[in-house]
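Coordinates in review
Here's the letter readout for the chains.
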Amino acid sequence: MKTTLQHQLLIAMPGIKNPLFKKTVIYICEHNQDGAMGIIINKPLKNIKIQHILKKLNIESSRCIFGPKIKDPVIMGGPQAKERGFILHSSKKPFYSSIRISDTTTITTSKDILESMGIIEEPQKILVALGYCTWGKNQLEKELLNNFWLTSSANHDILFNIPISKRWTHAAKNIGINMYQLSVHFGHA
């Protein structure tokens, strides 16, 4: 059986030139024989906050005063379906379209999670993203062999607590690597 990267982090190597993936950390939500799907967790969208999403969906944001900070930025989750929302969260309560990724992390794409913010059942930790990343069959494995990415186990601190601008370096520190000491050139030993 092939090893899965589900509930792992991909950490972009310093040499990645594509601005979309430069210094990114991607949380892998699904990985199987057909490919992989993940959410970038450290690329905030300019001028888009959770409160803007709530307003666009006609959800009263005053209810969210005790929930997550509605002024938190929305993350650019990836180049696919950039208008579609994906919410990574810690809630054990299932929502209409929730998929449990691990014992501690769930992804939801339905509006009901946003409507629950500010009430007792709310998720304790939340990350709102627009869009996602995908890899076809064996594509991610090839990128790993070509040293485009480092991998690390995911943890709540990096997903939800570390400031967005520091997630790339913290994810690497999680595996004992200082990103600023790595070469920007890819290769094999």
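One can find the structure itself at the top, above this paragraph.
Everything in this summary refers to the structure shown in the same document. None of the values given here were measured: they were computed from a predicted structure.

1. Some thoughts on the overall build of the protein chain
If you tally the helices and strands in the protein chain, you get five helices and 10 strands. Per-residue burial over the protein chain gives 46% buried out of 189 residues. Partitioning the intrachain contacts of the protein chain with sequence separation of at least 6 by distance along the chain shows that 68% fall at a separation of at least 24. Carbon and sulfur atoms make up 54% of the accessible area of the protein chain, which totals about 10,400 Å².

2. Observations regarding the side chain of H31
By the element assignment, H31 lies in strand β2 (residues 25-32). At 2.9 Å, the side chain of H31 forms a polar contact with the backbone nitrogen of L5. In contact with H31, not counting residues within four places along its chain, are T3, T4, L5, Q6, A36, L140 and E141.

3. Quick word on unusual backbone geometry
With glycine set apart, most residues show a phi of negative sign, and most peptide bonds adopt trans. The phi dihedral of H7 is positive, around 65°, even though this residue is not glycine. Phi angles above zero are rare outside glycine, and N147 is one such case at about 60°. As for its placement among the helices and strands, N147 is situated in the loop between α3 (139-145) and β10 (149-153). Assessed through its relative accessible area of 26%, N147 is described here as partly exposed.

4. Quick look at the packing of aromatic side chains
Across all of its chains, the model carries three aromatic pairs by this definition. Between F86 and Y132, the ring centres sit 5.2 Å apart and the planes meet at 65°, which makes this aromatic pair edge-to-face. One end of the pair, F86, is in strand β6 (residues 80-89); the other, Y132, is in strand β9 (residues 126-135), with 46 residues separating them in the sequence. Ring centres of W168 and Y180 lie 5.8 Å apart, and the angle between their planes is 80°; this geometry places the pair in the edge-to-face category. Residue W168 is found in helix α5 (residues 167-173), and its partner Y180 is found in the segment after α5; the two are separated by 12 residues along the sequence. Look at Y180 and you get exposed, because its relative accessible area is 59%.

5. Details of the side chain of R167
Structurally, R167 can be placed in helix α5. One buried charge, R167, has no salt-bridge partner; the nearest side chain with opposite charge is D72, at 7.6 Å. Within the structure, R167 has its side chain in polar contact with the backbone oxygen of I162 (distance 3.0 Å). In this structure R167 touches V25, I41, N42, L127, I158, L159, F160, N161 and I162, once residues within four positions along its chain are discounted.

6. Structural notes on the environment of K125
Relative to the helices and strands, K125 resides in the loop between α2 (112-116) and β9. Judged by its relative accessible area of 30%, K125 falls in the partly exposed class. C-alpha separation for the pair K125 and T105, spaced 20 residues apart in sequence, amounts to 9.3 Å. Those residues in contact with K125 that sit more than four places away from it in its chain are L88, H89, S90, H156, F160 and N161. Looking at K125, its side chain comes within polar contact range of the side chain of N161, at 2.9 Å.

So, how was this worked out
- Residues numbered from 1 in each chain as written.
- Predicted model: local features only at pLDDT ≥ 70, side-chain atom pairs only at ≥ 80, totals over all residues.
- Heavy atoms only, no water.
- Helix = DSSP H or I, 4+ residues; strand = E, 2+ residues; numbered from the N terminus.
- Buried < 20%, exposed > 50% of the residue type's maximum accessible area, 1.4 Å probe, protein only.
- Contact = heavy atoms within 4.5 Å.
- Areas by Shrake-Rupley, 256 points an atom, 1.4 Å probe, with all protein chains shown as cover.
- Polar contact = N/O pair within 3.5 Å; in protein donor to acceptor, adjacent residues only side chain to side chain.
- Phe/Tyr/Trp six-rings, centres within 6.5 Å; stacked < 30°, edge-to-face > 60°.
- Lys, Arg positive; Asp, Glu negative; His and termini not counted.
- Salt bridge = Lys/Arg side-chain N within 4 Å of Asp/Glu carboxyl O.

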